[in-house]
Amino acid sequence: VKMARVVDITSKLEFDGNPKLKIKDKEIEVNADAPTMLKVMNLVGDDPTPKDIIELYKLIFPEESRKILDGMKLSFANLITVVEVAVSIISGDTDTSGEH
């Protein structure tokens, strides 16, 4: 009986856990798993609506991270910046300086 070929790709994958954003003295975890990323990419258009931004916020940040962010009372403009930077991190954009 011929066995099916098994190719171990473990060494090619990253299992470092989710990335984190640092804001002031807080570290905020970002959901970076593939299913979340696919949903995020589906929502990110040329001109996301405020509803899209809120949906992204809920997808990208686990509940604990949202509690921290909610407690910071960010302005909507700052929240958009946080979401944009988080999207760039999980989409593999290595320029995480936050500059546009």
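Residues numbered from 1 in each chain as written. Predicted model: local features only at pLDDT ≥ 70, side-chain atom pairs only at ≥ 80, totals over all residues. Heavy atoms only, no water.

**Quick look at the layout of surface pockets**
Okay, step 1: The space that makes up the largest pocket amounts to roughly 240 Å³.
Okay, step 2: Residue lining of the largest pocket: Glu14, Asp16, Gly17, Asn18, Pro19, Ala32, Asp33, Ile89, Ile90 and Gly92, and that is the complete set. (1 Å grid on protein atoms, 1.4 Å probe; cavity = no way out; pocket = protein on both sides within 12 Å on 5 of 7 lines; lining within 4 Å. Points joined across faces, edges and corners; volume = space filled by probe spheres on them.)

**Overview of the confidence of the model for the chain**
Okay, step 1: With 91% of its residues at a pLDDT of at least 70, the chain reaches an overall mean of 85.
Okay, step 2: Predicted confidence in the chain is weakest over helix α1 (residues 34-43), with a mean pLDDT of 87, and strongest over helix α3 (residues 63-72), with 96.
Okay, step 3: Throughout residues 96-100 the model reports pLDDT below 50, and contacts reaching past four residues in sequence, or to other chains, amount to 3 contacts. (pLDDT = per-residue confidence, 0-100. Helix = DSSP H or I, 4+ residues; strand = E, 2+ residues; numbered from the N terminus. Contact = heavy atoms within 4.5 Å.)

**Details of unusual backbone geometry**
Okay, step 1: We note that Lys24 has phi near 55 degrees; this positive angle belongs to a residue other than glycine.
Okay, step 2: For Lys24, the location among the structural elements is in the loop between β1 (20-23) and β2 (26-29).
Okay, step 3: The phi angle at Lys73 is positive, at roughly 50 degrees, despite the residue not being glycine.
Okay, step 4: Structurally, the position occupied by Lys73 is in the loop between α3 and α4 (76-90).
Okay, step 5: According to the relative accessible area criterion, Lys73 is exposed, its value standing at 68%. (Buried < 20%, exposed > 50% of the residue type's maximum accessible area, 1.4 Å probe, protein only.)

**Some details on the pattern of salt bridges**
Oppositely charged side chains are able to pair whenever their charged atoms sit close together.
Okay, step 1: One pass over the full model with this rule turns up 1 salt bridge.
Okay, step 2: Here Lys67 and Glu63 are joined by a salt bridge, their closest N and O atoms 3.9 Å apart. Of this pair, Lys67 and Glu63 both sit in helix α3, 4 residues apart, which is roughly one turn of that helix. (Salt bridge = Lys/Arg side-chain N within 4 Å of Asp/Glu carboxyl O.)

**Things to note about the nonpolar core**
One broad trend across soluble globular proteins is that nonpolar side chains are buried collectively.
Okay, step 1: Within the largest apolar cluster, 21 residues are counted, with the highest numbers of intra-cluster contacts made by Leu21, Val30, Val40, Ile60, Phe61, Leu69 and Val83.
Okay, step 2: Looking at this core, the elements with two or more residues in it are β1, α1, α2 (50-60) and α4.
Okay, step 3: At 8 residues, the largest contribution of residues to this core is made by α4.
Okay, step 4: Not counting chain neighbours up to four residues away, the residues in contact with Leu21 comprise Lys26, Glu27, Ile28, Val30, Phe61, Val82, Val85, Ala86 and Ile89. (Core = buried A, V, L, I, M, F, W, Y, C linked by side-chain atoms within 4.5 Å.)

**Quick word on the pairing of β1**
Okay, step 1: Burial of β1 is one-sided: the residues Leu21 and Ile23 facing one way are buried, the residues Lys20 and Lys22 facing the other way are not.
Okay, step 2: The pairing of β1 with β2 spans 4 bridges and is classified as antiparallel. Each bridged residue has a counterpart across the sheet, and for Leu21 the counterpart in β2 is Ile28.
Okay, step 3: Following β1, the chain reverses through 2 residues before pairing antiparallel with β2; Lys24 in that reversal takes a positive phi of roughly 55 degrees. (Pairing = 2+ DSSP bridges.)

**Looking at the environment of Ile68**
Okay, step 1: Looking at the secondary structure, you find Ile68 in helix α3.
Okay, step 2: Its relative accessible area of 23% is what places Ile68 among the partly exposed residues.
Okay, step 3: Considering only alpha carbons, one finds Ile68 and Tyr57, 11 residues apart in sequence, at a separation of 13 Å.
Okay, step 4: Excluding its chain neighbours within four sequence positions, the residues that come into contact with Ile68 are Lys26, Glu27 and Ile28.

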